[in-house]
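Structure assessment
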Amino acid sequence: MITVAVVLAGICGGLAVGPAPGRSMLARLVPVDQHIRTRPVPGRRPRTMLLGCVGVAVPVSLGAAVGARAFWLSVPVMITAATTWVLVRAAVVRRRAAAGRREAAQACSVLATQVRIGQPPLVAVRSAAADCPVLAPAVAVVDLGGDPVAVWRRQALTPGYGGLAEIARAWQLSIRTGADMGDALDKVAEGLFEDDALGLVIASEAAGPRASGKIMAVLPLAGIGLGYAIGGDPLRFLTRSPYGWACLVIGTLLACAGVLWMERVADRAAI
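All figures in this text were calculated on a predicted structure; none of them were measured in a lab.

1. Here we look at the overall build of the protein chain
- Broken down by element type, the protein chain carries 11 helices and 0 strands.
- In the protein chain, the order of α-helices and β-strands from amino to carboxyl end is α-α-α-α-α-α-α-α-α-α-α.
- Across the 271 residues in the protein chain, those meeting the buried criterion constitute 37%.
- Nonlocal contacts in the protein chain, meaning residues at least 24 apart in sequence, comprise 67% of its contacts between residues at least 6 apart.
- For the protein chain, the exposed area adds up to about 15200 Å²; of that, 67% sits on carbon and sulfur atoms.

2. Considerations on the packing of aromatic side chains
- Under the defined criterion, the tally for this structure stands at 1 aromatic pair.
- Residues W152 and W171 carry aromatic rings whose centres are separated by 5.4 Å and whose planes lie at 75° to one another, so their mutual orientation is edge-to-face. Pair noted here: W152 is in helix 7 (residues 148–155) and W171 is in helix 8 (residues 163–177), with a separation of 19 residues, a long-range link. Just as W152 is buried, W171 falls in that class too.

3. Regarding the nonpolar core
- Judged by nonpolar contacts, the single largest core of 32 residues is most densely connected at L111, L135, W152, I167 and L185.
- With 8 residues, helix 4 (residues 68–116) is the largest single contributor of residues to this core.
- Those residues in contact with L111 that lie beyond four places of it in its chain are A124, V125, A128, W152, I167, W171 and L185.

4. Remarks on the side chain of S174
- Inspection of the secondary structure puts S174 in helix 8.
- For S174, a relative accessible area of 6% gives the class buried.
- What S174 contacts, discounting residues up to four positions off in sequence, is A179, D180, M181 and A184.

5. Quick notes on the packing of helix 6 (residues 136–143) against helix 7
- Relative to each other, helix 6 and helix 7 sit at 155°, their axes nearing to 8 Å. Taken as axis vectors, helix 6 and helix 7 run roughly antiparallel relative to one another. Between helix 6 and helix 7 the crossing geometry is right-handed. The segment helix 6 lies against helix 7, with P137, A138, V141 and V142 engaging P148, V151, W152 and Q155.
- When grouped by side-chain class, the residues that make up the contact of helix 6 with helix 7 number 7 nonpolar, 1 polar and no charged.

6. Overview of the confidence of the model for the protein chain
- When pLDDT is averaged along the protein chain, the result is 78, and 74% of the positions lie at 70 or above.
- Per-element confidence in the protein chain is highest for helix 7, whose mean pLDDT is 92, and lowest for helix 2 (residues 25–29), whose mean pLDDT is 36.
- Ignoring residues within four places in sequence, the model shows residues 4–9, a span with pLDDT below 50, making 12 contacts including any to other chains.

7. A few points about helix 9 (residues 181–229)
- In this model helix 9 runs 71 Å from its N-terminal to its C-terminal C-alpha over 49 residues, within 8% of the 72 Å that 1.5 Å per residue would give.
- Considering bend angle alone, the principal kink of helix 9 is centred on A206 and spans about 30°; proline P209 follows within four residues of it.
- Put simply, D180 is the residue that caps the front of helix 9, since its side-chain oxygen is 2.9 Å from the backbone nitrogen of G182.
- At the C-terminal side of helix 9, G231 shows a positive phi close to 95°.

Calculation rules
- Position numbers for residues start from 1 in each chain and track the written sequence from start to end.
- Given that the model is predicted, a residue must reach a pLDDT of at least 70 before its local features are reported, and side-chain atom pairs must reach 80 or more before they are shown or counted; all residues, however, enter totals for whole chains, interfaces and linings.
- Computation of side-chain values: all heavy atoms of the structure, hydrogens and water removed.
- We count a stretch as a helix when DSSP gives it H or I for four or more residues in a row; a strand needs E for two or more, and each element gets its number in order from the N terminus.
- Three exposure classes are used, based on accessible area relative to the maximum for each residue type with a 1.4 Å probe and protein chains only: buried under 20%, partly exposed in between, and exposed over 50%.
- Between two residues, a contact is recorded if the distance between any of their heavy atoms is within 4.5 Å.
- Every accessible area reported is derived by Shrake-Rupley at a probe size of 1.4 Å, with residue values counting cover from the shown protein chains alone.
- A pair of aromatic rings is counted whenever rings of Phe, Tyr or Trp (Trp by its six-membered ring) have centres within 6.5 Å, and the orientation is called stacked for planes under 30 degrees apart, edge-to-face for over 60 and tilted otherwise.
- Grouping buried Ala, Val, Leu, Ile, Met, Phe, Trp, Tyr and Cys residues that are joined through side-chain atoms within 4.5 Å yields what is termed a nonpolar core.
- Angles shown run from 0 to 180 degrees and are taken between the N-to-C directions of axes, each axis being a line fitted to C-alpha atoms and, for helices, limited to the stretch in contact.
- Throughout, the term roughly parallel applies to angles under 35 degrees, roughly antiparallel to angles over 145, roughly perpendicular to angles from 65 to 115, and oblique to all others.
- Take the far helix as your reference; a near helix turned counterclockwise from it by less than a right angle gives a left-handed crossing, and one turned clockwise gives a right-handed crossing.
- When residue character is reported, Ala, Val, Leu, Ile, Met, Phe, Trp, Tyr, Cys and Pro are called nonpolar, Asp, Glu, Lys and Arg charged, and the others, Gly included, polar.
- Values of pLDDT, which run from 0 to 100, indicate the predictor's confidence residue by residue.
- Helix span, expected: 1.5 Å multiplied by one less than the number of residues in the helix.
- In this analysis the local bend is the angle between axes fitted, respectively, to the seven residues ending at and the seven residues starting at the residue.
- Identification of polar contacts relies on pairs of N or O atoms within 3.5 Å, with a donor-acceptor requirement for protein atoms, meaning one able to donate a hydrogen and the other able to accept it, and with residues adjacent in sequence counted only if both atoms are side-chain atoms.

Here it is in structure tokens:
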């Protein structure tokens, strides 16, 4: 039981960590500044340790209080719960990243419009922030006499907001060389909108494989129903015998691993 608990802790920890965040499609085409390289996510390690401890504590506690049967039956539940949590978290991150791409592209477009109509750059940022809240932190720095470039680079570390690094690059290039900022921002906005459109296409194409993976994961339930249809009692075997417990744990591991693998394949298409 102790060995299984240690293995379960490793599985829960691995599920909690998840895949490393990838760069946006536009960032692959443009060199990334040293200032905006991806940093480790604060609080990830303590959260991972906590989830791993919970994943071990629940089965072990049930096993000690009720018996071996409770321990072995709780292991698949914890694996399924951890997998579900990973899938939900990944879906939320993808949704926020997509919203961030659209917001960054819109902010760049509005900022370019303000510059083209003759607004000074700093005034243009303040005007654009009224319609684009993502520019509000830069406005706060500008009001204090600071440089918005550093703010945009820092915001670009957030998944989906990498386009702000392109705004910072265009802004800095125009300030240093005297190039037309409106044209530079227009080109950046065009690229960001194309990046967002490509992201939507990839997301729609990846939706099929994601759904297929989840459907394949629940097909074993149909097998249980088929077992009853031919006169068997599969649930009794799975819940009341050591061989059934082993089948249940291994089957759950394989099903969850298949879902996560399919998610990873779909995610790699967007990196």
